[in-house]
Amino acid sequence: MIKAVRGTRDLLPPDTALWNFVENKAREVFARYNYQEIRTPVFESTELFERGVGEETDIVSKEMFTWEDKARAASEKSLSLTLRPENTAGVVRAYIEHNLEKSGLLQKLYYLGPQFRRERPQKGRYRQFYQIGAEIIGPPSAGSELPIRDAEVLDMLVALLDAVGLTGWTLFLNSVGCSNCRPAYNQALREALAAVKDQMCADCRRRAETNPLRVLDCKVVEDQPIIEALPKIADYLDEPCREHFAQVKAMLDELGVPYQVNERMVRGLDYYTRTTFEFTHGELGAQSAVLGGGRFDGLSEELGGPRAPGIGFAIGEDRLVLALQAQQKKAESALQALIVPLGKEMNRHALKLAKELREAGVAVDVSDESFRLKKSFETAEKLGATYAVLVGENEMASGEFAVKNLESGEQTKVARAGLLKYLSADGI
Ligand code: HAM
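For the structure given in this document, a descriptive report is provided here.

Rules used throughout
As a convention, each chain's residues are numbered from 1 in the sequence order in which they are written. Selection of residues for local features in this predicted model requires a pLDDT of at least 70, selection of side-chain atom pairs for listing and counting requires 80 or more, and totals for whole chains, interfaces and linings are taken over all residues. The side-chain values count all of the structure's non-hydrogen atoms but skip hydrogen atoms and water molecules. The buried label applies to any residue whose accessible area, calculated with a 1.4 Å probe on protein chains only, is under 20% of its type's maximum; exposed applies above 50%, and partly exposed to all values in between. Secondary structure elements are taken from DSSP: a helix is a run of H or I of four residues or more, a strand is a run of E of two residues or more, and numbering for both begins at the N terminus. Note that the arc is computed from the directions linking the helix axis to the C-beta atoms. In this description, contact between two residues means that some pair of their heavy atoms is separated by no more than 4.5 Å. Any two rings among Phe, Tyr and Trp, with Trp reduced to its six-membered ring, count as a pair given centres within 6.5 Å; such a pair is stacked if its planes are under 30 degrees apart, edge-to-face if over 60, and tilted if neither. The rule for a charge over a ring is simple: NZ of Lys or CZ of Arg within 6 Å of the ring centre, and within 35 degrees of the ring normal. Lines fitted to the C-alpha atoms define the axes, with helices restricted to the stretch that makes contact. Angles between their N-to-C directions range from 0 to 180 degrees. By definition in this entry, angles of less than 35 degrees are roughly parallel, angles greater than 145 are roughly antiparallel, angles of 65 to 115 are roughly perpendicular, and the rest are oblique. Rotating anticlockwise by less than a right angle from the far helix to the near helix defines a left-handed crossing, while the corresponding clockwise rotation defines a right-handed one. Each residue is assigned to one class: nonpolar for Ala, Val, Leu, Ile, Met, Phe, Trp, Tyr, Cys and Pro, charged for Asp, Glu, Lys and Arg, and polar for all the others, Gly among them. We call a residue near a molecule or strand whenever a single non-hydrogen atom of that residue lies within 4 Å of it. By the criterion applied in these results, polar contacts are pairs of N or O atoms within 3.5 Å in which, for protein atoms, one can donate a hydrogen and the other can accept it, and in which residues neighboring in sequence qualify only through two side-chain atoms. Exposure was quantified through the Shrake-Rupley algorithm and a 1.4 Å probe, taking into account, for residues, occlusion by the shown protein chains and nothing else.

Some words on helix 13 (residues 373–383)
In step 1: Within the sequence span of helix 13, burial applies to S376, F377 and A380. Buried residues in helix 13, looked at end-on, bunch into an arc of 95 degrees, giving them a common side. What points out from helix 13, more than 90 degrees from its buried face, is the exposed set K374 and K382.
In step 2: On its buried side, helix 13 packs onto strand 12 (337–341), strand 14 (387–391), strand 15 (400–405) and strand 16 (411–415).
In step 3: Directly after helix 13, the chain includes G384, whose backbone phi takes a positive value near 85 degrees.

Structural data, given as structure tokens:
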């Protein structure tokens, strides 16, 4: 049987209805904020991403689908081509190629479509995935650099998430400075890294020299305490960047957009300057970023174009749909937990625990000894329960229950006395 390639998937009805709903809502919101659609090619010359996104990023160094398009005739040169891993570089290329700065106005452009990255597939992470994104770009004389644009983009994102009905998101915000203040920060990072890089992974050791900012993207668990102790970018922002960020925050406060400043969030693409942001959602597990974006004030010039500051974002549509589906399932089910007896002897204990919890007002269900652990977790998920509580001999002996959060996948031990509070605290 020929199957879809690893990391790709078919979107089938009824799910496609939700995809269409999301896309229609996005188009409506974009129209309200005066954005128009742009469609760029699905593949571009490799150089665009190397120069735009940056050669030391994970995306360019590890994840691109690149091939050599061989010359057919002696007069033609062979070309290295790449399936787009993101759309910002393509939009800025198009802005330059079609002289869009000519109008003197801000260009407010949105796009919907597939992107490609060779990442390790898992829930919420695919090799072909879909983004809904937008960029504001234009000459500085059109106000493209001003903090009002940043605040407007974030305000629109809140409106968009509201329109599709997503709740429970968190907005993380940071400023990564500009070409004026970044060198001092890079230098501070290099110096701090010189003393510790030998204890870090091979990527970090290399990046400590070539592009120290990218060390902050490292996901290797052992490297995290070292990274935590590195200098913070906020301490190196120059006065204009500091003032810009202060104004963005003040406008968000005025608009009532809640955010948390996260000084470690530098985002995994080299073009960012000043404001960067990510919205995360608790239903998404490890791949929790539902969207990301920021300013790219130097990108046009990096690609050989005119000075054209800009800011934009891309929503991971796959993740947005997953989060909405999880939210819907949760809304349909009031079930907090499935109590799982591990073996026949445990049935009575499980039933007793269920009784206590039910009496205290918590909705729970009980499985039985015929369920193996994996099947119990699957059943709990199908039932829409938030937790599975394991009742086995060890639990009875120690008085502590293993409780698995089915959304995050995390498992913790909770003492019997604290169980009621633990299960009912969710979602409040
Ligand atoms: P990004 O953070 O690389 O930014 O991707 C944006 C969003 O796309 C992520 O937050 C995530 O939801 C989704 N995404 C990324 N990779 C995958 C994957 N393998 N599977 C599923 N979803 C994924 C950019 O792409 C920038 N171009 C955003 C931007 C626009 N910045 C300024 N303008």
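Some details on the packing of aromatic side chains
In step 1: If you walk through the whole model with that rule in mind, you get ten aromatic pairs.
In step 2: An aromatic cluster is built from F30, Y35, Y110 and F313, whose rings are joined through pairwise contacts.
In step 3: The ring of Y126 is capped by R9, whose NZ or CZ atom sits 4.0 Å from the centre of that ring.
In step 4: The aromatic ring of F377 is capped on one face by K404, whose charged end is 4.7 Å from the ring centroid.

Things to note about unusual backbone geometry
Glycine aside, a negative phi is what most residues show, and trans is what most peptide bonds show.
In step 1: The peptide bond linking P13 to P14 adopts the cis configuration, its omega dihedral lying at 5 degrees.
In step 2: Positionally, P14 belongs in the segment before helix 1 (15–32).
In step 3: Phi is positive for R267, which is not a glycine, with a value near 65 degrees.
In step 4: Despite not being glycine, R274 shows a phi value in the positive range, around 50 degrees.
In step 5: The topology assignment puts R274 in strand 9 (residues 273–281).

What about the packing of helix 5 (residues 147–164) against helix 9 (residues 239–255)?
In step 1: For the pair helix 5 and helix 9, the least separation of the axes is 9 Å and the interaxial angle reads 40 degrees. Classified by the angle their axes make, helix 5 and helix 9 are oblique. Both helix 5 and helix 9 take part in a crossing whose hand is right-handed. On helix 9, the residues that touch P147, I148, D150, A151, L154 and D155 of helix 5 are H244, Q247, V248, M251, L252 and L255.
In step 2: In the contact of helix 5 with helix 9, the residues fall into eight nonpolar, two polar and two charged.

Thoughts on the site of the ligand
In step 1: Residues in close proximity to the ligand total 26 residues, the closest being E86, E119, Y126, E135 and Y272.
In step 2: A distance of 2.6 Å is found between a nitrogen atom of the ligand and a side-chain nitrogen or oxygen belonging to Y272.
In step 3: Calculation on the ligand without its partners gives an accessible area of 660 Å², and the protein chains cover 96% of this total.
In step 4: Among the elements that take part in the shell around the ligand, strand 10 (residues 289–295) stands out by supplying six residues, more than any other.
In step 5: Its residues placed into classes, the shell around the ligand shows eleven nonpolar, eight polar and seven charged.

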